[in-house]
Amino acid sequence: HQNCPAMPESDPDDLRDVFLFAMIDEYLKTCNHAPSTAVTSASGQATKLSDAEVLFVFVVACASHGGNGQEAQRSQRRCGNRDACRVKAKLSRSQFNRRLWALEHRLVELLGLLASLAKAENQEFALDSFPWPVCKNVRIQRFRLMRGAEFRGCNASKREYFYGYKVHLMTAQDGRVVEFDLPPGSRVFADKAYNAYAAEDELLGDGNVDFQPVRKRNSKRADNTYCTNWVRKHERRHIETDISQLLARVPKRLHAVTAKGFMLKMMGFILAHNLLWLF
């Protein structure tokens, strides 16, 4: 209509931030969350950031800033007067970390809730592994975050050794990361590395979960046929894209002071991946 005012142009990042904050804020309200810190400080002044804003900054940091909470806060303050700018104040690094660790259980709950929604809406899943290095192999002697030969592995695709974790990731058919406790009637597709006959029979008998890895050439199972293996390769193809999208948010140099801090940021990247799928 000629008299209708023009709609203001919305930046995609602004819409994304509004969505993330609304999801986190509504979740805390739904679960009757009690604030992790006093509403007012000892001086009588109101706290700079609410718990929802702390979690929001952490998710935005993992989504766009390589897990750097300080850079995420600076980006929010650079929004100026736009409505999408939810965080006007800024916490110091130590303040932000203390507030975040106090809310760790809420991050775990929210990640589990999103995984449960994905499992309820999907019946087919894929399983694969990938390296999540903490440092290059040449820096192991100077690295103090983790110790032990169990953290040393080999990345066959890149033909290099690394120091860190070998992550086994399961995603739903639509791309969301899920936990390993699947509902009955689920089907899981995997590559040749997961040929474990006893585990397959146990999953099918106890949990009614049909585990279907691509068979090795010397497999004696009756379903080791060309057509069956082709279908399995096709059905598990999406997990390679899911892993690539997840790792695209992870910087080459991920800063963490402790091993628990590194794991927390890993969880943050997975949480950001699942939340942004809804957006």
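Note that the structure is a prediction, hence the values are computed from the model and not measured. Here the residue index of a chain counts from 1 through its sequence in written order. Under the rules for a predicted model, residues below a pLDDT of 70 receive no local features and side-chain atom pairs below 80 are neither given nor counted, while totals for whole chains, interfaces and linings still include all residues. Side-chain measures were taken over the full set of non-hydrogen atoms in the model, leaving aside hydrogen atoms and water.

Engineer: Help me out: how do you make sense of the overall build of the protein in this one?
Structural biologist: Helix and strand assignments follow DSSP, with helices taken as H or I runs no shorter than four residues and strands as E runs no shorter than two, numbered in order from the N terminus. Within the protein, the regular secondary structure consists of 9 helices and 5 strands. Reading the protein from its N terminus to its C terminus gives the helix and strand order α-α-α-α-α-β-β-β-β-α-β-α-α-α. Under the scheme applied here, a residue whose accessible area is under 20% of the maximum for its type counts as buried, over 50% as exposed, and between as partly exposed, the area being computed with a 1.4 Å probe on protein chains only. Looking at the protein as a whole, 44% of its 279 residues qualify as buried. Note on definitions: a residue-residue contact is assigned when non-hydrogen atoms from the two residues lie within 4.5 Å. Expressed as a percentage of contacts within the protein between residues at least 6 apart in sequence, the contacts between residues at least 24 apart total 65%. Element-wise, carbon and sulfur atoms account for 53% of the exposed surface of the protein, whose accessible area totals about 16300 Å². For the accessible areas, the method is Shrake-Rupley and the probe is 1.4 Å, while residue cover comes only from the protein chains on display.

Engineer: What exactly am I supposed to notice about the pattern of salt bridges here?
Structural biologist: Two side chains bearing opposite charge may form a pair once their charged atoms approach each other closely. By definition here, a salt bridge exists when the distance from a side-chain nitrogen of Lys or Arg to a carboxyl oxygen of Asp or Glu is within 4 Å. All chains considered together, the criterion is met by 15 salt bridges. Between D51 and R99 there is a salt bridge, with its nearest N and O atoms 3.0 Å apart. Of this pair, D51 sits in helix α2 (residues 51–64) while R99 sits in helix α4 (residues 93–102); the two residues are 48 residues apart in sequence, bridging distant segments of the chain. Each member of the pair, D51 together with R99, is buried. Of the charged contacts, one joins K119 and D181 as a salt bridge, the two residues approaching to 2.9 Å between their closest N and O atoms. Of the two residues, K119 sits in helix α5 (residues 104–120) while D181 sits in the loop between β3 (160–172) and β4 (187–190), which places them 62 residues apart along the sequence. Residue K119 is classed as buried on the basis of its relative accessible area, which comes to 9%.

Engineer: Explain the nonpolar core to me, please; I cannot follow it from the model alone.
Structural biologist: A general feature of soluble globular proteins is that nonpolar side chains tend to end up buried together. What is meant by a nonpolar core is a set of buried Ala, Val, Leu, Ile, Met, Phe, Trp, Tyr and Cys residues, joined one to another through side-chain atoms within 4.5 Å. W132, M146 and F262 are the most contacted members of the largest nonpolar core, which totals 58 residues. Looking at this core, the elements that each hand over two or more residues are α1 (12–30), α2, α4, α5, β1 (124–136), β3, α8 (238–247) and α9 (259–278). For this core, the element with the highest residue contribution is α2, accounting for 11 residues. Leaving out residues up to four positions away in the same chain, M146 has contacts with V134, F151, Y163, Y165, A259 and F262. Among the nonpolar cores identified, the runner-up in size contains 12 residues, and A172, A190, V209 and F211 belong to it.

Engineer: Just checking my understanding: could you explain the layout of surface pockets for this structure?
Structural biologist: Take a probe with the size of a water molecule and roll it over the atoms, and the empty space left behind shows itself. Buriedness for pockets is judged along seven lines, at least five of which must meet protein on both sides within 12 Å for an open set on the 1 Å grid over protein atoms alone, while cavities are sets there where a 1.4 Å probe fits but cannot get out, and lining residues have an atom within 4 Å of a point. Grid points are joined across faces, edges and corners, and a volume is the space filled by probe spheres set on the points. There is about 1200 Å³ of room inside the largest pocket. In terms of lining residues, the largest pocket is bounded by 36 residues, among which W132, P133, V134, P251 and K252 are the most central. Residue assignment for the lining of the largest pocket shows that the elements contributing at least two residues are β1, β2 (152–155), β3 and α8. With 9 residues, β1 is the largest single contributor of residues to the lining of the largest pocket. Each residue is assigned to one class: nonpolar for Ala, Val, Leu, Ile, Met, Phe, Trp, Tyr, Cys and Pro, charged for Asp, Glu, Lys and Arg, and polar for all the others, Gly among them. Residues belonging to the lining of the largest pocket are distributed by class as follows: 20 nonpolar, 5 polar and 11 charged.

Engineer: Sorry, what's going on with the environment of H65 here?
Structural biologist: With respect to the element layout, H65 can be found in the loop between α2 and α3 (69–77). We classify H65 as partly exposed; its relative accessible area is 22%. Through-space distance from the C-alpha of H65 to that of V250 is 8.7 Å; in sequence the pair is 185 residues apart. Apart from the residues lying within four places of it in its own chain, the contact partners of H65 are V60, E71, A72 and S75.

Engineer: Is there a simple way to explain the sheet that holds β1 in this structure?
Structural biologist: Sheets are built from strands that pair by backbone hydrogen bonding, the pairs being arranged parallel or antiparallel. Pairing in this open sheet of 5 strands is mixed, and the strands run β2-β3-β1-β4-β5 from one edge to the other. Each end of this open sheet is capped by a strand with a single partner; those strands are β2 and β5 (210–213). Taking each pair of neighbouring strands and ignoring which way they run, the sheet shows an average axis angle of 40°. Pairing between strands requires that DSSP locate at least two bridges from one strand to the other. Inspection of the sheet shows β4 paired to β5 by 4 bridges, in the parallel sense. Opposite F189, over in β5, you have Q212 as the bridge partner. Geometry is summarised by axes, namely lines fitted to C-alpha atoms with helices restricted to the contacting stretch, and by angles between N-to-C directions that run from 0 to 180 degrees.

Engineer: How should I be thinking about the side chain of D51 in this particular structure?
Structural biologist: Given a relative accessible area of 7%, D51 falls into the buried group. Each polar contact in these results corresponds to two N or O atoms within 3.5 Å; when the atoms are within protein, one needs to be able to donate a hydrogen and the other to accept it, and residues that are neighboring in sequence are counted only if both atoms are side-chain atoms. Within the structure, the side chain of D51 is placed 2.7 Å from the side chain of H33, a separation counted as a polar contact. Once residues within four sequence positions are removed from consideration, D51 is found in contact with L28, H33, A34, P35, S36, R99 and L103.

Engineer: Could you clarify how one ought to interpret the packing of α1 against α5 in this entry?
Structural biologist: Contact geometry of α1 with α5 gives a least axis separation of 12 Å together with a crossing angle of 105°. For the element pair α1 / α5, the angle class is roughly perpendicular. Every residue of α5 that contacts α1 at I24, Y27 and L28 is listed here: R106, E109, L110 and L113. Of the residues assigned to the contact of α1 with α5, the class counts are 5 nonpolar, no polar and 2 charged. Orientation categories follow fixed angle ranges, with anything under 35 degrees roughly parallel, anything over 145 roughly antiparallel, 65 to 115 roughly perpendicular, and all other angles oblique.

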